[in-house]
Amino acid sequence: MATDELAPAPAAAAPGPAGAESPGFSFSIWPPTQRTRDAVVRRLVDTLAGDTILCKRYGAVPAAEAEPAARAIEAEAFDAAAATGGAASSVEEGIEALQFYSKEVSRRLLDFVKSRSAAAKAEPPSEEAPAADAKDEEAEAKPEA
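**Looking at the pattern of salt bridges**
Okay, so step 1: Counted under the stated rule, the structure contains nine salt bridges.
Okay, so step 2: Put simply, E104 and R108 hold a salt bridge, and the shortest N to O gap is 2.9 Å. Taken together, the positions of E104 and R108, both in helix α4 (residues 91-122) and four residues apart, correspond to about one turn of that helix.
Okay, so step 3: Here D111 makes a salt bridge to R107, at a shortest N to O gap of 3.1 Å. In this pair, D111 and R107 both sit in helix α4, four residues apart, roughly one turn of the helix.

**Considerations on the environment of A72**
Okay, so step 1: With respect to the secondary-structure elements, A72 resides in helix α3 (residues 63-85).
Okay, so step 2: Each C-alpha atom, one on A72 and one on R108, is 9.5 Å from the other, the two residues being 36 residues apart in sequence.

**Some thoughts on the packing of α3 against α4**
Okay, so step 1: At a minimum axis distance of 8 Å, the contact between α3 and α4 shows a crossing angle of 140°. Put simply, α3 runs oblique to α4. For the crossing formed where α3 meets α4, the hand is right-handed. Across from E65, A69, I73, E74, E76, A77, F78, A80, A81, T84 and G85 in α3, the residues of α4 making contact are A97, F100, Y101, E104, V105, R108, L109, F112 and R116.

**Here we look at the nonpolar core**
Okay, so step 1: Ranked by internal contacts, the top residues of the largest apolar core, which has 19 residues, are W30, L44, L48, A70 and Y101.
Okay, so step 2: Mapped onto this core, the elements with two or more residues apiece are α1 (34-49), α3 and α4.
Okay, so step 3: For this core, the element with the highest residue contribution is α3, accounting for seven residues.
Okay, so step 4: If we ignore the near neighbours within four places in the chain, the residues touching W30 are F78, A81, A82, G86, A88, G94, A97, L98 and Y101.

**What to know about the environment of G94**
Okay, so step 1: Note on placement: G94 falls in helix α4.
Okay, so step 2: Considering only alpha carbons, one finds G94 and I29, 65 residues apart in sequence, at a separation of 5.5 Å.
Okay, so step 3: In this view, G94 contacts I29, W30 and A88; residues no more than four positions away in its chain are not counted.

**Comments concerning the packing of aromatic side chains**
Okay, so step 1: Tallied over the entire structure, the rule returns three aromatic pairs.
Okay, so step 2: Arranged with centres 6.3 Å apart and planes meeting at 90°, the rings of F78 and Y101 form a pair that is edge-to-face. Of this pair, F78 sits in helix α3 while Y101 sits in helix α4, placing them 23 residues apart in sequence. When sorted by exposure, F78 lands in the same class as Y101, which is buried.
Okay, so step 3: Put simply, the rings of W30, F78 and Y101 touch in pairs and so form one group of aromatic residues.
Okay, so step 4: Just above the ring of F78 sits the side chain of R37; from NZ or CZ to the centre is 3.7 Å.

Thresholds applied
- Residues numbered from 1 in each chain as written.
- Predicted model: local features only at pLDDT ≥ 70, side-chain atom pairs only at ≥ 80, totals over all residues.
- Heavy atoms only, no water.
- Salt bridge = Lys/Arg side-chain N within 4 Å of Asp/Glu carboxyl O.
- Helix = DSSP H or I, 4+ residues; strand = E, 2+ residues; numbered from the N terminus.
- Axes fitted to C-alpha atoms, helices over the stretch in contact; angles between N-to-C directions.
- Parallel < 35°, antiparallel > 145°, perpendicular 65-115°, else oblique.
- Left-handed = near helix turned anticlockwise from the far one by under 90°.
- Contact = heavy atoms within 4.5 Å.
- Core = buried A, V, L, I, M, F, W, Y, C linked by side-chain atoms within 4.5 Å.
- Buried < 20%, exposed > 50% of the residue type's maximum accessible area, 1.4 Å probe, protein only.
- Phe/Tyr/Trp six-rings, centres within 6.5 Å; stacked < 30°, edge-to-face > 60°.
- Lys NZ or Arg CZ within 6 Å of the ring centre and 35° of its normal.

Written out as structure tokens, the structure reads:
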């Protein structure tokens, strides 16, 4: 056999008896499994309550609030994707539904942290804040020696 010739590909496994499906691998990208959805929720909790850029910019969410917020964000995103994607009849439709779901999770997460940050800024300052401001003003008024 010449070196530039390719050997024939090995034959596929012989199919089972006529009419019987061979045990195979079934693949469905949409809807995601509950395990995947739970992983999304865990990641959202880590993002909301952890040391992330989002927390540095908009403020961290206390752990007690992060879990229910993450569950709500994920459920709303899943429902929105299910309403638009429905039962995907092909892998391509499943991929589109999954991409929509991912974008919805991200959008809803960002909306949540922005609204929470805006609400925190709208609250009147606490009693401790004026005392801290007064100390800062005193420090600025004193000339350095």
